[in-house]
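Inside the fold
Below, each chain spelled out in residue letters.
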Amino acid sequence: MKKYTEQVVRIIKRAKRLAKLKKHFYVGTEHLLLALMEEENATAAAILKEASLGKEQLLTLIDKLIVPGEKEEESDYLFTPKAEEVLKNAQVEADFYHKEKVGSEHLLLAIVKEADCVASRLLYTMG
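Residues numbered from 1 in each chain as written. Predicted model: local features only at pLDDT ≥ 70, side-chain atom pairs only at ≥ 80, totals over all residues. Heavy atoms only, no water.

Overview of helix 5 (residues 81-96)
Here helix 5 spans 22 Å end to end across 16 residues, near enough to the 22 Å set by a 1.5 Å rise per residue. Of the residues making up helix 5, those classed as buried are Ala83, Val86, Leu87, Ala90, Gln91, Glu93 and Ala94. For helix 5, the angular spread of the buried residues around the axis is 160°, confining them to a single face. Residues of helix 5 that are exposed and point over 90 degrees away from its buried face: Pro81 and Phe96. Those residues of helix 5 that are buried lie in contact with helix 1 (6-22), helix 2 (29-38) and helix 6 (104-113). (Helix = DSSP H or I, 4+ residues; strand = E, 2+ residues; numbered from the N terminus. Expected span 1.5 Å × (residues − 1). Buried < 20%, exposed > 50% of the residue type's maximum accessible area, 1.4 Å probe, protein only. Arc of directions from axis to C-beta. Contact = heavy atoms within 4.5 Å.)

So, in structure tokens, the structure goes:
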């Protein structure tokens, strides 16, 4: 069973809200990354800020690359397979560092190491 810090629980919930707000009807790695950036006191947010990666820049790229749905549909906003993989790999990262719970830094590490996902491609595009 996955154990998350309270911050990561908030990040996951925020990712779902962001997906719904954008009318994407799924939760992808890009939503997890955006939610990470918005969690102000998270280690991952501080790392992204230090790297001069901004939320507005990320939002602009997401809006350019991902077309919103045309109509509002009932959806559980399920995670994409890549997002599920990133969440699983975040647990692997936490285990590697002998941490009981997955923190934002483990989630960011999992995103960065998953070369074939939207979030890592967005990070690469942003420099």
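Overview of the environment of Glu85
Turning to its location among the elements, Glu85 is positioned in helix 5. Sequence-wise, Glu85 and Thr29 are 56 residues apart; in three dimensions their C-alpha atoms are separated by 9.5 Å.

Some details on the confidence of the model for the chain
Parts of the model with low pLDDT should not have their predicted coordinates read in detail. In this model, the chain carries an average pLDDT of 81, and 77% of its residues clear a pLDDT of 70 or more. At the level of individual helices and strands, the chain shows its lowest average pLDDT in helix 4 (residues 55-65), which scores 68, and its highest in helix 5, which scores 95. (pLDDT = per-residue confidence, 0-100.)

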